[in-house]
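# Chain and residue survey
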Amino acid sequence: MFAIRLARRSCATAFPRRYFFNFSRKVEPPPTSRALRPDDDDPELFHLHSQSPNRDIRMRGERIKKLASCPVCLNVEGTRRNVKHECPDCGWPTHCSGEHWEQDEEHAKYCTRLRQVNEDDHDLRSGREMHEYAMPGPIPYGEVVSLSNWDIFYYTRGFPSVDTDRAGRHLSKLLTYPMTIAGVLHEYSSLTTRNQRLTPEGLRSLNALRTSLHAPMGAPESHGPSPERPPVRLFLLGARAESSLPPHVWNQLSLMFPSATLSIYHIGPEVSLPKVSLPPEEQASSAPESSPTPSAASERKGETGAAADAMAITPAEKEALKSLRVWKPEIRELRMSKYTRNEVSVWGVPSYMNPINDQLQIGALRSPYQDIHEKFGPFDPYTDVFFAFQPGFGFPSQHTPGITQIASPSEWGNVIPLILETKCALFVTGFSPEDVERDVRSLEGVPGVAGEFDWILTPGENPFKSERWEVAEFDPRLMVRTNWGIWGIRGKRRELQEVA
Ligand SMILES: [Zn+2]
Ligand SMILES: [Zn+2]
């Protein structure tokens, strides 16, 4: 409750409380006995997991059979029995037997989506040319790109071939990180004070950033940094999957701001690094075939850590930690270009910088953010902005039992107060309405955070969320979408309040 009260206090006049969290009150459709087919169903792409032509999908089926429990056994009989039977409509292993599958009227709620994911995954592996991944070049002079939603964006931005919903879903998964950023920062953002997503404080913050991101009206578009428009620094905190996106995907963000120069810094203990920047011991062991991927390695580390703490973690916390894994996608090894510079001598931690062109450079630093914050100072709200993609603030700490990750000194506890001190904007995403609500509520009572910020973007849906559903292997009923929701805060400006 405190978080809501706090929120109400900081933007009470403009934003009545009903705007907070009303996104998470969803209306469940009535259960039907048999699921509907997806709108863009293609039976040729449909296979049972066990009969998939793709080995990795057959393997996923095997993993689910080891991890997931039959919901009917669990709810009706109170027993835990692994799933074995594959639903003929969605092709996923969903129940222990055909009888329990038939009994389960709830399954229709998930079946249509599961079938869509099944077909999307087979489409991605079909070997067809992925023409939808062709990216447009610079925005022609005088043309305006709309940022209302993916469809209008694809159309007005001139994506060459996004001709089906499926193509749109594939592309949205690739572009969700850069476009979530553009969707907030751009002057044509669809998150405005008019639709009550942006607060007056938020408009002030964004107006400051936009003076550095856009050329003033009537001024010629100039390329590269100039005294009037210094480079804009984007700090992506706790970066994981986003740090392994190919540079041409990030370049789509840069192309949205033709007169700006962007420096993107992926920062966190799990960033993807090119081989040249790995510590020597990891370079030696990083023969691609034999070594685990960075994500597999970190996943394993997480497991041992969790096992050690198991005595202190409650069953409910364990469940919450499980769902934390859903959105932790695999981090691929980063390919480097001939311009990639090893920057360990600059930052003192494994790091690289890659100048893509005269308007964009991308780098990563493998370090907890609090250890290198000082080196990036001084900060300026006109040119610096922070993003945390699906940070899991509200999840139980994996290091300190009994507290959330935002309160834990070894996770987010020492990071957020530093960001608030800079008075720069911080935008945060979550993978579902529940995840956003959990993170926002977790701000309450945290020293150095609660009462120290103003709302700039109220919590709600992100127009540039990934349209693709991600399915949890330990429970295929749990499905989330990358960057589903977004919200933003900024350190309180005390002097302004005293004047007022
Ligand atoms: Zn069963
Ligand atoms: Zn099904």
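Just so it is clear, the model here is predicted, and its values are computed rather than measured.

## Concerning the environment of isoleucine 419
- Looking at the secondary structure, you find isoleucine 419 in helix α15 (residues 416-422).
- Separated by 34 residues in sequence, isoleucine 419 and valine 385 place their C-alpha atoms 9.4 Å apart.
- Setting aside chain neighbours within four positions, we find isoleucine 419 in contact with Phe386, Cys424 and Leu426.

## What about the sheet that holds strand β9 (residues 425-430)?
- Sheet architecture is open: 9 strands sit in the order β5-β6-β7-β4-β3-β8-β9-β13-β10, paired in mixed fashion. Among the strands making up the open sheet, the edge pair consists of β5 (341-342) and β10 (453-461).
- Sitting on the sheet, helix α8 (residues 200-213) touches β3 (232-237), β8 (384-388), β9, β10 and β13 (485-491), and the angle it makes with β10 is about 90°.

## Let's talk about the confidence of the model for the chain
- Across the chain, the average pLDDT comes to 84, with 79% of residues at 70 or higher.
- Here residues 1-18 is a poorly scored stretch, pLDDT under 50, and it has 23 contacts once near neighbours within four places are set aside; other chains count.
- Taken as a whole, residues 287-313 scores under 50 in pLDDT and shows 23 contacts with residues more than four places along the chain or in a different chain.

## Remarks on the packing of helix α7 (residues 165-185) against helix α9 (residues 247-255)
- Running from amino to carboxyl end, α7 crosses α9 at an angle of 25°, the nearest separation of the two axes being 9 Å. In terms of their interaxial angle, α7 and α9 are classed as roughly parallel. For the crossing formed where α7 meets α9, the hand is right-handed. Judged by residue contacts, Leu174, Leu175, Pro178, Ile181 and Ala182 of α7 engage Val249, Trp250, Gln252 and Leu253 from α9.
- Considering only residue class, the contact of α7 with α9 consists of 8 nonpolar, 1 polar and no charged.

## Focus: the nonpolar core
- One finds Leu234, Leu236, Leu237, Ile267, Phe386 and Phe387 to be the most contacted residues of the largest nonpolar core, which totals 76 residues.
- The contact partners of leucine 234, leaving out residues within four places of it in the chain, are Ile181, Leu262, Ser263, Ile264, Tyr265, Val385 and Phe387.
- In terms of nonpolar packing, the next biggest core, distinct from the first, is built from 15 residues, Val72, Cys96, Val117 and Val471 among them.

Thresholds applied
- Starting afresh in each chain, residues are numbered from 1 along the sequence in its written order.
- Chain letters start at A and ligand numbers start at 1, both assigned in the order the entries are written.
- Predicted model: local features are reported for residues with pLDDT of at least 70 only, side-chain atom pairs are reported and counted for 80 or more only, and whole-chain, interface and lining totals are derived from all residues.
- A helix here means a DSSP run of H or I that spans at least four residues, while a strand means a run of E at least two residues long, and both kinds are numbered starting from the N terminus.
- What counts as a contact is two residues whose backbone-derived C-beta atoms lie within 7 Å of each other.
- Strand pairing requires that DSSP identify at least two bridges connecting the strands.
- Axis definition: a line fit to C-alpha positions, over the contact stretch in the case of helices; interaxial angles, taken between N-to-C directions, run 0 to 180 degrees.
- Predictor confidence is given residue by residue as pLDDT, running from a minimum of 0 to a maximum of 100.
- Working definition: roughly parallel below 35 degrees, roughly antiparallel above 145 degrees, roughly perpendicular at 65 to 115 degrees, and oblique for all remaining angles.
- The handedness criterion is simple: a crossing whose near helix is rotated anticlockwise from the far helix by less than a right angle is left-handed, and one whose near helix is rotated clockwise is right-handed.
- Asp, Glu, Lys and Arg are counted as charged, while Ala, Val, Leu, Ile, Met, Phe, Trp, Tyr, Cys and Pro are counted as nonpolar; the rest, among them Gly, fall into the polar class.
- Put simply, a nonpolar core is a cluster of buried Ala, Val, Leu, Ile, Met, Phe, Trp, Tyr and Cys residues tied together by C-beta atoms within 7 Å.
- Three exposure classes are used. Buried residues have 20 or more other C-beta atoms within 10 Å of their own C-beta, exposed residues have 12 or fewer, and partly exposed residues fall in between, all C-beta atoms being placed from the backbone.

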